[in-house]
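Residue-level listing of the chains:
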Amino acid sequence: MSTPFPEGFLWGGAVAANQLEGAYNEDGKGLSTQDVAPQGIKGPITEVPTEDNMKLVGIDFYHRYKEDVKLFAEMGFKVFRTSIAWSRIFPNGDELEPNEQGLQFYDDLFDECHKYGIEPLVTLSHYETPLHLSKQYDGWVNRKLVGFYERYARKVFTRYKDKVKYWLTFNEINSILHEPFMSGGIYTPKDKLSKQDLYQAIHHELVASATAVKIGHEINPQAQIGCMILSMPTYPLTPNPDDVIAAMKSEHMNYFFGDVHARGVYPGYMKRYFREHGIDIHMEPGDAEILKHTVDFISFSYYVSICETGDSSKRTQEGNLIGGAPNPYLKASEWGWQIDPQGLRYVLNMFYDRYQKPLFIVENGLGAKDVLVTGEDGVPTVNDDYRIEYLNDHLVQVGEAIEDGVEVMGYTSWGCIDLVSASTAELSKRYGFIYVDRHDDNTGTLERYRKKSFHWYKDVISTNGQSL
Ligand code: BG6
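Model, not experiment: these values are computed from the prediction.

A few points about the environment of Asp-440
Move 1: Position of Asp-440 among the secondary structure elements: in the loop between β13 (434–436) and β14 (448–450).
Move 2: Separated by 321 residues in the primary sequence, Asp-440 and Glu-119 place their C-alpha atoms 32 Å from one another.
Move 3: What Asp-440 contacts, discounting residues up to four positions off in sequence, is Met-54, Glu-426, Leu-427 and Ser-428.
Move 4: There is a polar contact of 2.5 Å between the side chain of Asp-440 and the side chain of Ser-428.

As structure tokens, this is what we get:
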């Protein structure tokens, strides 16, 4: 039997600091936007951290990472995607000197990964701007954030030069369109934020991202630095040309981010959009040159596809993560996310045809309510056949895309160990191969248990995808 997956394919799992580390106020860490968002994107921002915020403890990865990395190694991970909590390194975000204890934690974590031959893949900013930058500067609306981010990026690139080869600049950078506070640290409420300020903030992030690529390469010419996009392949709801154009326009809103990262210039369709919406992006001298520092690879998350239509009465928020109209051919997860494995093959082909750069799937997975049972050996486990089916179907489509000629560097399934959900802040929306005994009512022992999918993924990795 043969496998389409190339030798050296980077199999692994992905997490984000704020969703699992906990220890939100330990060892000099400052507050981040996540520490005051107890209900994820569903609820209000609080003045101070409140006990109902599951992220304050997370799954206590900060203290238990050795046990967890060992379990990842047991599955055979080649790569582990995590993020650095910016406010562990610069607690307020605008100080001149970093917090040594924060830096030391990631030194230890990366060393632990290397002990097992696991390569870290590190996101610089994953939905957790230092709270001070959000409150005092209105997050990325303010140009000063570019300088603060540059200082932070320079520090961690230098410190981990010999430990981290793969970097991502901003998690799901295009999600700022939908969640300006969580994604861009913008304190102005979404309904009061002007398009002018939103796109100015986006410009600042794009300049910061290109700056990171530039300095990252100066510090370590071997570094591979990518962007990270929330991918949502958008199908026309019908063959009606109105629907086709609506789908194209919706795709443009997301392609914009990949286009700038991969091509180094603003695309024509965005210039038109700015003209027609009275948006005038302020560019500093040098911005156009900086944007030419394009990424080494394109990474993305993939959970759902959506449909678009020119008929606004058919559009709904239900059934999909963000906008669009439900696809009548697809089933949905318990949280209404429509499941479309072939959409992954489609999006891989679309990105590759557009950019001709290596692609990295850095998030994909199924959030589900798991039930812990006693296994044959007497040890608790979860019979998560639904997760195995989901992941298997998607990975088969990754294989198809590789057969299509797409260059895929690796695959890190989301939430390889149960963690707190970003959108709903629940722990009961579980993605992991490893069950964590913690519950939404704050109870639980924090013990870890291998699910059935743990053994399944181990086989996938050890056979380099042949077992799919
Ligand atoms: C992505 C984010 O949007 O989806 C992750 O990068 C997030 O942070 C993941 O956890 C799954 O979403 P959720 O809301 O189910 O946690």
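Next comes the rest of the description.
What to know about empty space enclosed by the protein
Move 1: For the structure on display, the rule yields four cavities of 30 Å³ or more.
Move 2: Taken as a whole, the largest cavity holds about 100 Å³ of empty space.
Move 3: Around the largest cavity sit Ile-229, Leu-230, Ser-231, Met-232, Pro-233, Glu-251, Asn-254, Tyr-255, Tyr-346, Val-347, Met-350 and Phe-351, which together line it.
Move 4: Broken down by secondary-structure element, the contributors of at least two residues to the lining of the largest cavity are β5 (224–231), α9 (241–263) and α12 (341–355).
Move 5: Tallying contributions element by element places α12 first for the lining of the largest cavity, with four residues.
Move 6: As a volume, the second largest cavity reaches approximately 80 Å³.
Move 7: Forming the walls of the second largest cavity are 13 residues, and the residues nearest its centre are Asn-18, Gly-22, Lys-29, Asp-35 and Lys-55.
Move 8: Grouping the constituent residues of the lining of the second largest cavity by class yields three nonpolar, four polar and six charged.

Some words on the pairing of strand β3 (residues 119–125)
Move 1: The buried count for β3 comes to six of seven residues, which makes it a mostly enclosed element.
Move 2: Looking at chain direction, strand β2 (residues 79–83) and β3 are connected through five bridges and run parallel. Residue pairing in the sheet places Arg-81 in a bridge with Leu-121 of β3.
Move 3: One ladder, built from four bridges, connects β3 with strand β4 (residues 166–170); its direction is parallel. The residue bridging Thr-123 from the neighbouring strand is Leu-168, located in β4.

Re the site of the ligand
Move 1: Among the 14 residues in the neighbourhood of the ligand, the closest are listed as Gln-19, Glu-172, Glu-363, Ser-423 and Tyr-431.
Move 2: When its residues are assigned to classes, the shell around the ligand shows six nonpolar, five polar and three charged.

The rules we used
- Residues numbered from 1 in each chain as written.
- Predicted model: local features only at pLDDT ≥ 70, side-chain atom pairs only at ≥ 80, totals over all residues.
- Heavy atoms only, no water.
- Helix = DSSP H or I, 4+ residues; strand = E, 2+ residues; numbered from the N terminus.
- Contact = heavy atoms within 4.5 Å.
- Polar contact = N/O pair within 3.5 Å; in protein donor to acceptor, adjacent residues only side chain to side chain.
- 1 Å grid on protein atoms, 1.4 Å probe; cavity = no way out; pocket = protein on both sides within 12 Å on 5 of 7 lines; lining within 4 Å.
- Points joined across faces, edges and corners; volume = space filled by probe spheres on them.
- Nonpolar A, V, L, I, M, F, W, Y, C, P; charged D, E, K, R; others polar.
- Buried < 20%, exposed > 50% of the residue type's maximum accessible area, 1.4 Å probe, protein only.
- Pairing = 2+ DSSP bridges.
- Near = heavy atom within 4 Å.

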